[in-house]
Amino acid sequence: VQLQASGGGLVQPGGSLRLSCTASTPIFLINEVAWFRQAPGNQRELVAAITSEHKTTYADSVKGRFSISRNGAKNTATVYLQMNALEPEDTAVYYCRAISRARAHWGKGTLVTVSS
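As the structure is a prediction and not an experimental result, all values here were calculated from the model.

Colleague: Describe the pairing of strand 9 (residues 92-100), with residues and values.
Modeller: Across the 9 residues that make up strand 9, a large majority, 7, are buried. Where strand 4 (residues 32-38) meets strand 9, 7 bridges bridge the pair, whose relative direction is antiparallel. What sits directly across from A34, in strand 9, is R97. The pairing of strand 9 with strand 11 (residues 110-114) spans 3 bridges and is antiparallel.

Okay, structure coming up:
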């Protein structure tokens, strides 16, 4: 499974961004997709996750501001992370991870910078 993350960039506090993670595999083969982030000097942390049953999980720090969703096509699956009301503390490299057939697959990160 190859994952391609995109959508990062520079945004002002209070702004919005939408991250996309596209997997090179049919969506029915993916059990869960999660977004993680890692800020300089910090450990990688879970931001949000969505299962094949559309059950979602969010870190407390992003509840009410971020929303994760997924859709799928014949040979690909895409998961979105809509990020609203961004704060400087959201600045980090964001990574997506997919669980497929009991294996974890990571994509390259996309940088999100929240700054005025």
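Colleague: Please provide a residue-by-residue account of the nonpolar core, values included.
Modeller: Side chains that are nonpolar tend, in soluble globular proteins, to be buried together. By size, the foremost hydrophobic cluster in this structure holds 29 residues, and its most contacted members are W35, V47, F66, L81, M83 and Y94. Broken down by secondary-structure element, the contributors of at least two residues to this core are strand 1 (3-6), strand 3 (17-23), strand 4, strand 5 (45-51), strand 7 (66-72), strand 8 (77-83), strand 9 and strand 11.

Colleague: Lay out the side chain of R70 with the relevant residues and their values.
Modeller: Here R70 is to be found in strand 7. Despite being buried, R70 has no salt bridge partner; E53 is the closest side chain of opposite charge, sitting 7.4 Å away. At a separation of 3.1 Å, a polar atom in the side chain of R70 contacts the main-chain carbonyl oxygen of T51. Beyond its immediate sequence surroundings of up to four residues, R70 is in contact with I27, I30, N31, I50, T51, S52, H54, T78 and V79.

Colleague: So what about the environment of S100? Which residues, and what values?
Modeller: With respect to the element layout, S100 can be found in strand 9. Distance in space between the C-alpha atoms of S100 and L19 is 20 Å, their sequence separation being 81 residues. Among residues more than four places away in sequence, those in contact with S100 are V1, L29, I30, N31 and H105. At a separation of 2.7 Å, a polar atom in the side chain of S100 contacts the main-chain carbonyl oxygen of L29.

The rules we used
Residues numbered from 1 in each chain as written. Predicted model: local features only at pLDDT ≥ 70, side-chain atom pairs only at ≥ 80, totals over all residues. Heavy atoms only, no water. Buried < 20%, exposed > 50% of the residue type's maximum accessible area, 1.4 Å probe, protein only. Helix = DSSP H or I, 4+ residues; strand = E, 2+ residues; numbered from the N terminus. Pairing = 2+ DSSP bridges. Core = buried A, V, L, I, M, F, W, Y, C linked by side-chain atoms within 4.5 Å. Lys, Arg positive; Asp, Glu negative; His and termini not counted. Salt bridge = Lys/Arg side-chain N within 4 Å of Asp/Glu carboxyl O. Polar contact = N/O pair within 3.5 Å; in protein donor to acceptor, adjacent residues only side chain to side chain. Contact = heavy atoms within 4.5 Å.

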